[in-house]
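Chain by chain, the residues:
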Amino acid sequence: MDWLSQLFEMMPVRGRLDLRCNYGAPWRIDQGPGEANEIPYHAVLAGSALLEDPAGGRPLQLKPGDILLLPGNPRHIMHDDSGAAPLPARNRAALNFTISENLGSDERLDLLCGHFAVAPPHDRLLRSYLPPRLVVHAGTHAGKETAAQLAGLVALMRSESADDRLGGRAMLNALSTAMFALVLRLASETQDAPRGLLALAGHPRLAPAVAALFNEPARAWSLPDLARLSNLSRATLARQFQEKLGRSASDLLTDIRMTLAANELKKSSLSTGAVAEAVGYQSEAAFQRAFKSHMGVTPAQWRKMQAPSGRDLFARPVTPIEGKPAEAAEATTIDESSQREAAMRPR
């Protein structure tokens, strides 16, 4: 299985369309932050928008076909760049989503707004490997099959959100979830993929090592093993991981193992020792220490926290988005030093 499919197997993601905005200038959207486990998204269907940089940097111009993901889940502001006071907008509930609109007569913005929900604690892990802000362009660029696929998917979302149809909510939410995967795929294929997992997996020489870690996390991987898969020297592989991911191969492997362990511990039939062995730890004590260091709780405490509560982790209050317009421990690490070229098998 490819690394992105494995990622979604480990960290279930559910998308939802919350709002379709139709604004004429002047308008302003002030949103966020959302729920702790959410990643907001915006897809520009028509018109343009100026996204303010919360850090005070240069604003980003969004145009038709642009899809914005905000893994950092910040408060964010978009406007028409006119400088005028925004016109009042009203929300009206359709059967399967909410429409927000104003009476502006200038060039109109047509915008799909939604979010992706990631089951805790995987939301924190996913954010650590994605940039705080990610923009891709869905179009029919030559040689970009993924961009064309994404454009087709957004067009289908546009059609589904034009009218209330049977099964429309289910369709829009399923399409939102698929959009998340396509956005990450497209971002990894670009020449300037943002630092993190996308840049790492998009590098043709490093992709085999990334796939190996995701597909066989219980294996006692060593730096020489991964270097051979990538046809790189150990030093080059270690440097590339740090430059593109900001972490070592050992860090990534530990994150994968702990994510899988957190999932397995939800199954009451599996002992802690069995889970430890399943994710590559020969010593249950070493696994216990690594898990507590990584998750902040012991495996037993985590298992107790996952007891069925009747609450849908992906649920969220069904209310319109408000905005101005719409009112490690003992696991051996992989690095360049000779004494750490041994297999990553905690004892």
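Predicted model, so just to flag it, every value in this text is computed and none were measured.

Participant: Describe the packing of helix α9 (residues 249-264) against helix α11 (residues 284-295), listing the residues and the values that go with them.
Facilitator: Between α9 and α11, whose axes approach to 10 Å, the crossing angle comes to 95°. Taken as axis vectors, α9 and α11 run roughly perpendicular relative to one another. Along its contact with α9, which presents T254, D255, M258, A261 and A262, the element α11 presents F287, A290, F291, H294 and M295. The residue makeup of the contact of α9 with α11, split by class, is seven nonpolar, two polar and one charged.

Participant: Please set out the environment of A94 residue by residue, giving values where relevant.
Facilitator: The residue A94 is located in the loop between β8 (89-93) and β9 (98-102) in this model. As a C-alpha pair, A94 and L19 span 75 residues in sequence and 9.9 Å in three-dimensional space.

Participant: With reference to specific residues and values, describe the environment of P132.
Facilitator: With respect to the secondary-structure elements, P132 resides in the loop between α2 (122-129) and β11 (134-137). Overall, the relative accessible area of 59% leaves P132 in the exposed class. Once the C-alpha coordinates of P132 and P74 are considered, the two residues, 58 residues apart in sequence, prove to be 8.4 Å apart. Every residue in contact with P132, bar those within four places of it in the chain, is listed here: L69, L70, P71 and G72.

Participant: Go over the environment of P26, please, and point to the residues and values.
Facilitator: Tracing the backbone through its elements, the reader meets P26 in the loop between β1 (13-24) and β2 (28-31). For the pair formed by P26 and H79, sequence separation is 53 residues and the distance between their alpha carbons is 7.7 Å. P26 has contacts with D80, S82, A84, A85, P86, L87 and N102, leaving out every residue within four places of it along the chain.

Participant: Lay out the pattern of salt bridges with the relevant residues and their values.
Facilitator: Between side chains of opposite charge, pairing is possible as soon as their charged atoms come close. Tallied over the full model, the rule gives 11 salt bridges. A salt bridge links D66 to K63, with the nearest nitrogen and oxygen atoms 3.7 Å apart. Judged by relative accessible area, D66 falls into the buried class, the value being 4%. We note a salt bridge from D110 to R158, for which the minimum N-O separation is 3.9 Å. With D110 in strand β10 (residues 108-118) and R158 in helix α3 (residues 145-160), this pair connects stretches of sequence that are 48 residues apart. Note on D110: relative accessible area 8%, which makes it buried.

Participant: Which residues make up the sheet that holds β8, and what values go with them?
Facilitator: Pairing is mixed in the open sheet, where seven strands are placed in the order β8-β9-β1-β10-β3-β6-β11. Bordering the open sheet on either side are β8 and β11, each of which pairs with just one other strand. Between one strand axis and the next, the sheet turns by 20° as a mean value, whatever way the strands run. Strand contacts of α3: β1, β3 (38-46), β6 (66-69), β10 and β11, with the helix running at about 85° to β3, the strand carrying the most contacts.

Participant: Requested: an account of the pairing of β11, with residues and values cited.
Facilitator: Side chains L134 and V136 project from β11 onto a buried face, and the interleaved V135 and H137 project onto a face without burial. Judged from the four bridges that link them, β6 and β11 form a sheet pairing that is antiparallel. When the bridges of β11 are listed, I67 appears paired with V136.

Participant: Go over the confidence of the model for the chain with me, naming the residues and quoting the values.
Facilitator: Predicted confidence across the chain gives a mean pLDDT of 84, with 87% of residues reaching 70 or more. Confidence, expressed as mean pLDDT per element, reaches its minimum in the chain at α2 with 81 and its maximum at β6 with 96. Predicted confidence is poor over residues 317-347, with pLDDT under 50, and the contacts of this stretch with residues over four places away or in other chains come to 91 contacts.

Participant: Which residues make up the sheet that holds strand β4 (residues 49-51), and what are the values?
Facilitator: Read across the open sheet, the four strands follow the order β2-β7-β4-β5; overall the sheet is antiparallel. Pairing within the sheet leaves two strands with one partner each, and these edge strands are β2 and β5 (60-62). With direction set aside, neighbouring strand axes in the sheet form an average angle of 25°.

Participant: I'd like a description of the nonpolar core, backed by residues and values.
Facilitator: Core analysis: the biggest nonpolar cluster contains 62 residues, and W3, I67, L150, M179, F180, L197 and F241 have the highest contact counts within it. Aside from chain neighbours lying at most four places away, what touches W3 is L197, L198, A201, V210 and F214.

Participant: Got a sec to walk through the packing of aromatic side chains? Specific residues and values, please.
Facilitator: Counted according to the given criterion, the structure contains seven aromatic pairs. Ring centres of F287 and F291 lie 5.8 Å apart, and the angle between their planes is 50°; on these two criteria the pair is classed as tilted. Highlighted residues: F287 and F291, both in helix α11, separated by four residues, approximately one helical turn. When its relative accessible area of 0% is taken as the criterion, F287 is described as buried. When its relative accessible area of 0% is taken as the criterion, F291 is described as buried. An aromatic cluster is built from F8, Y41, F116 and F180, whose rings are joined through pairwise contacts.

What counts, and where the lines are drawn
- Residues numbered from 1 in each chain as written.
- Predicted model: local features only at pLDDT ≥ 70, side-chain atom pairs only at ≥ 80, totals over all residues.
- Heavy atoms only, no water.
- Axes fitted to C-alpha atoms, helices over the stretch in contact; angles between N-to-C directions.
- Helix = DSSP H or I, 4+ residues; strand = E, 2+ residues; numbered from the N terminus.
- Parallel < 35°, antiparallel > 145°, perpendicular 65-115°, else oblique.
- Contact = heavy atoms within 4.5 Å.
- Nonpolar A, V, L, I, M, F, W, Y, C, P; charged D, E, K, R; others polar.
- Buried < 20%, exposed > 50% of the residue type's maximum accessible area, 1.4 Å probe, protein only.
- Salt bridge = Lys/Arg side-chain N within 4 Å of Asp/Glu carboxyl O.
- Pairing = 2+ DSSP bridges.
- pLDDT = per-residue confidence, 0-100.
- Core = buried A, V, L, I, M, F, W, Y, C linked by side-chain atoms within 4.5 Å.
- Phe/Tyr/Trp six-rings, centres within 6.5 Å; stacked < 30°, edge-to-face > 60°.

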